[in-house]
Amino acid sequence: MQTNQTKLLDGLISIYLKSLILIEFGVFGGGSWATALVKILTDNKLLVNWYIKRSLQAQAIEKTGYNPDYLNLVSLDTRYIRTLSNIQQTAQRSKALLFAVPSAQLPTLLDHFESDWITDKIVISTIKGTVGPYYDIPTDVIATYFSVDHQQQAILAGPCHAEEVGLGKKTYLTIASPNAEIQELLSACFNTNYMHVQSCHDIRGVSYAAIYKNVVGIVCGMAKGLRYGDNFIAVLVANALHEMSNMLQSIGSVQPILNSSYAGDLLVTAYSEHSRNRTFGELIGRGYSVEKAKRSMQMVAEGYGATQGLYQTVQQLPADFPILQAAYRVLFKHMPASTEFKLLEQKLK
Ligand SMILES: NC(=O)C1=CN([C@@H]2O[C@H](COP(=O)(O)OP(=O)(O)OC[C@H]3O[C@@H](n4cnc5c(N)ncnc54)[C@H](OP(=O)(O)O)[C@@H]3O)[C@@H](O)[C@H]2O)C=CC1
Ligand SMILES: O=C(CO)COP(=O)(O)O
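Given the structure is predicted, the values throughout are model-derived calculations rather than measurements.

### Details of the side chain of Q57
Right, so step 1: Turning to its location among the elements, Q57 is positioned in helix α3 (residues 55-64).
Right, so step 2: Residue Q57 is classed as buried on the basis of its relative accessible area, which comes to 4%.
Right, so step 3: In this structure, Q57 is in contact with G30, I52, N67, P68, D69 and Y70, ignoring residues within four places of it in sequence.

And the structure:
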């Protein structure tokens with residue numbers, strides 16, 4: 001005899017399976033994170049319409065099953081991939097639209113969309129940066145462009161270096177959305193033996209945490225470049241967690257941050273050799289100019305723009321943000337990193 005609870009569970013599972021069979025993803029962006037996400041979806045036998053702006057790159061993926069320009073050792077199952085160079089077709093063929101471009105390029109991409117291509121879709125942002133002259137979070141920008149509120153949206157976050165995900169190394173992905181149905185559906189789509197998916201409602205808090213952690217990655221890189229040791233970097237990270245907590249509280253997020261969605265992503269960016277933000281910061285710490293450091297990076301370091309965005313955002317807040325302020329002065333006010341770190345030393349606890 002089935003209890004009401006098991007009947008409900010069976011019902012939910014069957015809704016899941018039905019939606020899984022029908023859902024096609026439209027992925028926008030052909031970089032390292034898009035490639036890793038396409039791998040997850042296609043490992044789960046989900047169809048991906050993949051918009052890649054350079055046709056030669058798209059053709060190479062279709063032909064070889066490898067992205068020649070990003071994560072080029074990761075094998076992709078082309079039976080489930082349709083590469084497209086047309087944004088409209090990609091959007092219209094897909095139920096869920098996933099944005100995986102750098103934050104600076106999001107407006108250019110969105111300019112090519114019509115609102116009615118997006119009204120009945122699930123919109124997912126994987127972008128960990130602020131957008132545009134008002135330093136908005138990506139989901140707010142998408143909401144403004146298309147009059148879709150957060151109920152129709154989700155973000156993907158958590159400690160997820162594409163290089164490791166692409167190799168099938170285990171991690172924990174956070175799906176944040178105020179919409180419980182979207183949470184459940186996306187959890188099923190992204191869950192694999194190497195990807196443990198968890199969900200929460202705090203789309204705004206997780207967004208800000210994911211953006212702020214990139215600034216911390218840069219500052220930890222600077223510390224390394226300046227030859228500070230592991231002890232000092234641990235002090236820096238402990239203070240950064242405090243700063244993150246203050247920032248989230250002031251934007252109304254009251255979730256505990258000591259889990260993978262918030263602190264976990266900060267820690268991996270602070271310590272991982274894969275982190276582009278940390279690499280960028282290390283170059284600055286070693287004496288590179290901002291321009292030279294940017295030129296020497298092949299992939300995006302979102303924390304650079306985010307430093308300016310978050311710096312402006314916290315101006316109105318009562319708390320002090322010494323780590324963010326130090327990053328801002330080095331990256332945007334030409335303060336030598338060594339001088340700024342000497343000042344920062346006085347402020348850390
Ligand atoms: N890499 C990672 O481990 C993770 C990254 N993220 C976030 O994902 C976002 C993307 O990062 P990532 O993939 O690493 O970046 P990459 O630098 O690896 O790649 C960026 C991609 O976006 C493409 N692109 C740029 N402009 C446009 C446009 N207007 N239309 C379509 N495509 C465009 C680029 O094309 P082209 O090559 O032609 O320039 C490139 O394929 C960032 O916000 C990042 O913080 C989140 C979690 C993990
Ligand atoms: O967001 C990321 C890991 O979760 C990627 O960080 P980087 O952009 O610094 O490589």
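On we go.
### Observations regarding the pairing of strand β5 (residues 122-125)
Right, so step 1: The alternating pattern of β5 places I122 and I124 on one face and V123 and S125 on the opposite face, and all of these are buried.
Right, so step 2: As judged from the 4 bridges shared by strand β4 (residues 96-99) and β5, these two strands associate in the parallel manner. Following the sheet pairing, L97 is matched in β5 by V123.
Right, so step 3: Relative to strand β6 (residues 153-157), β5 runs parallel, the two being bridged by 3 bridges. Residue S125 lies in a different strand from β6, and its bridge partner there is I155.
Right, so step 4: The parallel pair β5 and β6 is bridged by helix α6 (residues 138-146), and the resulting crossover is right-handed.

### Here we look at the environment of L173
Right, so step 1: Position of L173 among the secondary structure elements: in strand β7 (residues 171-176).
Right, so step 2: The exposure class assigned to L173 is buried, which follows from its relative accessible area of 0%.
Right, so step 3: Between the alpha carbons of L173 and Y134 there is a distance of 28 Å; along the sequence they are 39 residues apart.
Right, so step 4: Excluding residues that lie within four positions of it along the chain, L173 makes contacts with W33, L156, A157, C160, F190, M195, H196, V197 and Q198.

### Details of the site of ligand 1
Right, so step 1: Taken together, 24 residues surround ligand 1, and among them G31, R54, Y70, A162 and E302 come closest.
Right, so step 2: Separating an oxygen atom of ligand 1 from a backbone N or O atom of C160 is a distance of 3.4 Å.
Right, so step 3: One nitrogen or oxygen atom from the side chain of E302 is found 2.6 Å from an oxygen atom belonging to ligand 1.
Right, so step 4: Protein chains bury 90% of the 910 Å² of accessible surface belonging to ligand 1 in isolation.
Right, so step 5: In the shell around ligand 1, the residues fall into 12 nonpolar, 7 polar and 5 charged.

### A look at the UniProt feature "domain: Glycerol-3-phosphate dehydrogenase NAD-dependent N-terminal" (unreviewed entry) in the chain
Right, so step 1: Here the UniProt-annotated "domain: Glycerol-3-phosphate dehydrogenase NAD-dependent N-terminal" (unreviewed entry) positions come out as residues 26-181.
Right, so step 2: In residues 26-181, helix accounts for 32% and strand for 20%; the two terminal C-alpha atoms are 19 Å from one another.

### With respect to the sheet that holds β7
Right, so step 1: Reading across the sheet, the 8 strands line up as β3-β2-β1-β4-β5-β6-β7-β8 and stay open at both edges, with mixed pairing between neighbours. If you trace the sheet from one side to the other, it starts and ends with β3 (81-84) and β8 (195-200), each paired once. With strand direction ignored, the average angle separating the axes of adjacent strands in the sheet is 25 degrees.
Right, so step 2: Along the sheet, helix α2 (residues 32-43) makes contact with β1 (24-28), β2 (47-51), β3, β4, β6, β7 and β8, crossing β2 at roughly 160 degrees.

About the criteria used
Residues numbered from 1 in each chain as written. Chains lettered and ligands numbered in written order. Predicted model: local features only at pLDDT ≥ 70, side-chain atom pairs only at ≥ 80, totals over all residues. Heavy atoms only, no water. Helix = DSSP H or I, 4+ residues; strand = E, 2+ residues; numbered from the N terminus. Buried < 20%, exposed > 50% of the residue type's maximum accessible area, 1.4 Å probe, protein only. Contact = heavy atoms within 4.5 Å. Pairing = 2+ DSSP bridges. Right-handed = clockwise from strand over helix to strand, strands pointing away. Near = heavy atom within 4 Å. Polar contact = N/O pair within 3.5 Å; in protein donor to acceptor, adjacent residues only side chain to side chain. Areas by Shrake-Rupley, 256 points an atom, 1.4 Å probe, with all protein chains shown as cover. Nonpolar A, V, L, I, M, F, W, Y, C, P; charged D, E, K, R; others polar. UniProt positions renumbered as here; feature names shortened; annotations may be inferred. Axes fitted to C-alpha atoms, helices over the stretch in contact; angles between N-to-C directions.

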